[in-house]
Amino acid sequence: MSSTSASPFPTPFLPPHPPIPTTHHHLLTVDRATFLIDRIRSVDHTLQAHAALLRNNLHHHPVLAFKLQRAYSSLGHLEYARSLFDHTPEPTIFSWTAIIHAHSTAGLHSHALLLYFQMLTDGTVQPNAFTFSSVLKSCSLTQSRALHSQALKFCLDSDPYVRTALLDIYARNGDVDSAQHLFDTMPVKNLVSSTAMMTCHVKYGRIVHARQLFDTMGVRDVVCWNVMIDGYAQHGWPGESLDLFRQMLAAKTRPNEVTMLSVLSACAQLGALELGKWVHSYMEINGIQFNVQVGTALIDMYCKCGSLDDACSVFDKIVNKDIVAWNSMIVGYAMHGHSQEALEQFSQLCCLGLRPTDITFIGVLNACSHAGLVEEGRQFFRSMKDEYGIEPKIEHYGCMVDLLGRAGLLEEAYELVKSMPIEPDLVLWGSLLGACKLHKNMNLGETIAEFLLDKGLANSGTYILLSNIYAMAGKWDAVGRVRTMMKDSGVQKEPGCSSIEVNNKIHEFFAGDLRHPRSKEIYLMLDELIGLIKAHGYLPQTEIVLHDIEESEKERALGVHSEKLAIAFGLISTQPGTAIRIVKNLRVCPDCHTVTKLISKITGRKIVVRDRNRFHHFVDGSCSCGDYW
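Residues numbered from 1 in each chain as written. Predicted model: local features only at pLDDT ≥ 70, side-chain atom pairs only at ≥ 80, totals over all residues. Heavy atoms only, no water.

**Q** Kindly report on the overall build of the protein chain, identifying the contributing residues and their values.
**A** Check the secondary structure of the protein chain and you find 32 helices and six strands. Oriented by its inertia axes, the alpha-carbon framework of the protein chain measures out at about 105 × 55 × 55 Å. Buried positions account for 49% of the 629 residues belonging to the protein chain. Of the contacts formed within the protein chain by residues at least 6 apart in sequence, a portion of 63% connects residues at least 24 apart. (Helix = DSSP H or I, 4+ residues; strand = E, 2+ residues; numbered from the N terminus. Buried < 20%, exposed > 50% of the residue type's maximum accessible area, 1.4 Å probe, protein only. Contact = heavy atoms within 4.5 Å.)

**Q** Tell me about the environment of Ala334, residues and numbers included.
**A** In this fold, Ala334 is placed in helix 19 (residues 323-335). Along the sequence, Ala334 and Leu558 sit 224 residues apart, while their C-alpha atoms lie 29 Å from each other. Not counting chain neighbours up to four residues away, the residues in contact with Ala334 comprise Ala342, Gly363, Asn366, Ala367 and His370.

**Q** I'd like a description of the sheet that holds strand 6 (residues 622-623), backed by residues and values.
**A** Sheet architecture is open: six strands sit in the order 2-1-3-4-5-6, paired in mixed fashion. At either end of the open sheet lies a strand with only one pairing partner, and these are strand 2 (505-510) and strand 6. For strand 4 (residues 607-610) and strand 5 (residues 615-619), the ladder comprises four bridges, and the chain directions are antiparallel. Paired with Ile607 across the bridge in strand 5 is Phe618. (Pairing = 2+ DSSP bridges.)

**Q** Describe unusual backbone geometry, and please don't skip the residues or the numbers.
**A** One non-glycine residue, Lys252, lies in positive phi territory at about 65 degrees. Note on placement: Lys252 falls in the loop between helix 14 (238-250) and helix 15 (257-270).

**Q** How would you summarise the confidence of the model for the protein chain if you had to cite specific residues and measurements?
**A** Predicted confidence across the protein chain gives a mean pLDDT of 88, with 94% of residues reaching 70 or more. Across residues 1-25, confidence stays below pLDDT 50; counting only partners more than four residues off in sequence or on other chains, it has 52 contacts. (pLDDT = per-residue confidence, 0-100.)

**Q** How would you explain the packing of aromatic side chains if you had to name every residue and give the values?
**A** Summed over all chains, the structure comprises 19 aromatic pairs. Here Tyr116 and Phe117 contribute two aromatic rings whose centre-to-centre distance is 5.5 Å and whose plane-to-plane angle is 70 degrees, an arrangement assigned as edge-to-face. Overall, Tyr116 belongs to the buried group, its relative accessible area being 0%. The partly exposed category is assigned to Phe117, whose relative accessible area is 40%. (Phe/Tyr/Trp six-rings, centres within 6.5 Å; stacked < 30°, edge-to-face > 60°.)

This is how it looks when you write it as structure tokens:
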């Protein structure tokens, strides 16, 4: 027998099957058996072949036993493959490697390692390069280092298969230096090893290193392109992700489903609806499979690009929706301010017997926050643990603080933060500090800001919010002290940036921006708009310009906010009646909110603005947020 240990699988019962055709005399030769096994397409045929080998006393033939064992494994019947292996008297290295590979591929890593050590203990065969590359897939970092030593012992460490497998295991376990050393010392760097090293760089955020390696590769397959495109998308470089996707198409490399998921993610980050629709159309024309994963990515893209109707259409087309698809739709409704629809979706998924996840509750709590549904939010928050056994995470506490803070229940929000069983993060404190500014609660805002400063947790938002709280109270000396502290600490304020997509190109604007080639036209349009809205009763909200300067200077500062420039560009660059879609990296200010409502009324345009917190749909002088944001 091949091993003394018991198999993890029972010995299979071989049901009676009619014999497969052999020869006129029903005698099976080795050549004929090899021919038949190589053409096996089902487990029934495999069982028939096995029975025929037994009848003809060929079941111990090493090549036939190996082929039959491999056939069982490839058809997903590892229990039969293992039983056959255990009854092979003298398994060859090919049989050992095949059974190790089968267990490793099936995720039975402890069994794969046990078989490897049994092979060494058996001592009749020595591992080859394929054995090492198979068993390494089941190794931890410590185990892989031990096997690396064994590869050296057997003089297999320079084999490209072994080196690539070692590189992959080091990369997956975070040992970037060892992976890089292996890669650098490879005499020949093939596509597989280069892709493994590039994947390592991407996984650990070394995007520049990954791109440098990508650019040196003479041959690239779809996997290689996908790694780099997804790396850019996952690490906040969506523009570069889309540029590389265009290069992939120009290089005549056919994208697959994985490519599309990454590209849709990049479109979602940029709010690039036109390009997202083109990608959707490309998928349909080129027959890329529409499954739950692709459908969910499309929902996410359409929601984040401001087209809720398209997201709903995709959602309706998904067959056998999983909880991830439902979550995407709930979160989409919430971010667009359709709170009731989000809560109705929650009820529907519960009626269908799907179990909500922590992401589901982030969606419904955000829906409650955006609509001021305080009591409903409290009930959902309690039900997480009481009804569904889901322990609230920092994100859920953040949603509750946001809900209570928006509603002016600052003390309740503060007490919730202090009583949390987990350490509150800076985002959560920032949300509460923002609520203090919104409701002009200087005392609590000062307490929170001083706490963050003392703990060394303050960021630019902390300084800005505290400065604004003092400025709203007219305490200009305190404003000056805070800004001096900010300058001394080296913290930089994040500048407001608004982007708009026109003809599949993203245009970015900062406050007072003069870099755009059509700046003169943009400012002329903006002056015209300001004149028109003033005729409709608009008065600049200069009180929100929290600087001790003249009113005229405050008005000029308000007039060139980034979203106003983006809207003006949209009006001169698109056909009348076309919706204008803006993405803002910060929360939209009250003055821009008022101005955008009036522009939508005067021009008859729908204007959709995605800010840091949510979507605002401006139509005929009204906003979908109901001025509650």
